Amino acid sequence: MLAIGVDIEDNSRFEGKTLENSANFLNKIFTLSELEYCFKNRLPAPHLCARFCAKEAVVKAFSNIYNKLIPYSKIEILKNDNGSVYVNILIDELKEYKILLSISHEKDKSIAFVIIE
């Protein structure tokens, strides 16, 4: 089975968000590991936005093969030792799928592309 998903967003959607002023919002979307990574960066907004795009792309791809809505908090975007990103699905019945992910961000936009096998 094959499914694809893509998402692009304005980084400004996450500008000014901090753990102090946006904790409820951020904790609904991101895991602790994701937040730690993003806020280690001088400009966290593009990193937050890219991970949000990745989660949205995963949801879109799974919408073609899975009959339930997947909460963003059950999708974790992490980095391998070599710096490449990968998806950790926190729903046991979906762990059997291979998920390929590519994300990118620049000054104004972030994008993610997902293929599920």
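Up top is the structure these notes are about.
Keep in mind that this is a model prediction, so the values were computed, not measured.

**Student:** Lay out the side chain of Thr-31 with the relevant residues and their values.
**Tutor:** With respect to the element layout, Thr-31 can be found in the loop between helix 1 (23-29) and helix 2 (32-40). Of note is the side chain of Thr-31, whose polar atom sits 2.8 Å from the side chain of Glu-76.

**Student:** Break down the nonpolar core for me, citing the residues and quoting the values.
**Tutor:** Most often, soluble globular proteins keep nonpolar side chains buried together rather than apart. Within the largest apolar cluster, 33 residues are counted, with the highest numbers of intra-cluster contacts made by Phe-62 and Ile-89. Secondary-structure elements contributing two or more residues to this core are helix 1, helix 2, helix 3 (44-62), strand 2 (75-79), strand 3 (85-89), strand 4 (99-105) and strand 5 (109-116). Of the residues forming this core, the biggest block, 11 residues, is contributed by helix 3. Each residue touching Phe-62, except ones within four places of it in the same chain, is listed here: Ile-70, Ile-89, Leu-94, Tyr-97, Ile-99 and Ile-116.

**Student:** Residue-level account of the packing of helix 2 against helix 3, with values.
**Tutor:** With their axes 7 Å apart at the nearest point, helix 2 and helix 3 run at an angle of 145° to one another. As helix 2 packs across helix 3, the resulting crossing turns out to be right-handed. Seen from helix 2, the contacting residues are Glu-34, Leu-35, Tyr-37, Cys-38 and Phe-39; seen from helix 3, they are Pro-44, His-47, Leu-48, Arg-51 and Lys-55. Residue composition of the contact of helix 2 with helix 3, by class: six nonpolar, one polar and three charged.

**Student:** Talk me through the sheet that holds strand 1 (residues 3-10); I want residue IDs and the actual numbers.
**Tutor:** Pairing is antiparallel across the open sheet formed by three strands, whose spatial order is 1-5-4. Where the open sheet ends on each side, the last strands, each with one partner, are strand 1 and strand 4. Taken over all neighbouring pairs, the strand axes of this sheet differ in orientation by 10° on average, direction set aside. Bridging between strand 1 and strand 5 involves eight bridges; their strand directions are antiparallel. Looking at the pairing, Ile-4 lines up with Ile-115 of strand 5.

**Student:** Requested: an account of the pairing of strand 3, with residues and values cited.
**Tutor:** The alternating pattern of strand 3 places Val-85, Val-87 and Ile-89 on a buried face, while none of Tyr-86 and Asn-88, on the opposite face, is buried. Here five bridges tie strand 2 to strand 3, and the two strands are oriented antiparallel to one another. Along strand 3, the bridge assignment pairs Leu-78 with Tyr-86. Connecting strand 2 to the antiparallel partner strand 3 that follows it, the hairpin turn spans five residues, and Gly-83 within it adopts a positive phi of roughly 95°.

What counts, and at which threshold
Each chain has its residues counted from 1, following the order in which its sequence is written. With pLDDT at 70 or above as the cut-off, local features in this predicted model cover only qualifying residues; side-chain atom pairs require 80 or more to be listed or tallied, and sums for whole chains, interfaces and linings still use all residues. Only hydrogens and water are set aside; all other atoms, that is, all heavy atoms of the structure, feed into the side-chain values. The helix and strand labels rest on DSSP assignments: H or I over at least four residues marks a helix, E over at least two residues marks a strand, and numbering proceeds from the N terminus. Think of a polar contact as two N or O atoms within 3.5 Å of one another; within protein, one of them needs to be a possible hydrogen donor and the other a possible acceptor, and neighboring residues in sequence only count if both atoms come from side chains. Only buried residues count toward a nonpolar core, which is a set of Ala, Val, Leu, Ile, Met, Phe, Trp, Tyr and Cys residues joined through side-chain atoms within 4.5 Å. A simple rule labels every residue: compare its accessible area, found with a 1.4 Å probe on the protein chains alone, to the largest value its type can have, and call it buried under 20%, exposed over 50%, or partly exposed in between. Contacts are assigned to residue pairs that have any heavy atoms within 4.5 Å of one another. Only the stretch in contact is used when fitting a helix axis, every axis being a line fitted to C-alpha atoms; angles between N-to-C directions are given from 0 to 180 degrees. Working rule for handedness: look at the near helix, and if it is turned counterclockwise from the far one by less than a right angle, call the crossing left-handed; if clockwise, right-handed. Each residue gets one of three labels, nonpolar for Ala, Val, Leu, Ile, Met, Phe, Trp, Tyr, Cys and Pro, charged for Asp, Glu, Lys and Arg, and polar for the others, Gly among them. Here the rule is simple: two strands pair whenever DSSP picks up at least two bridges between them.

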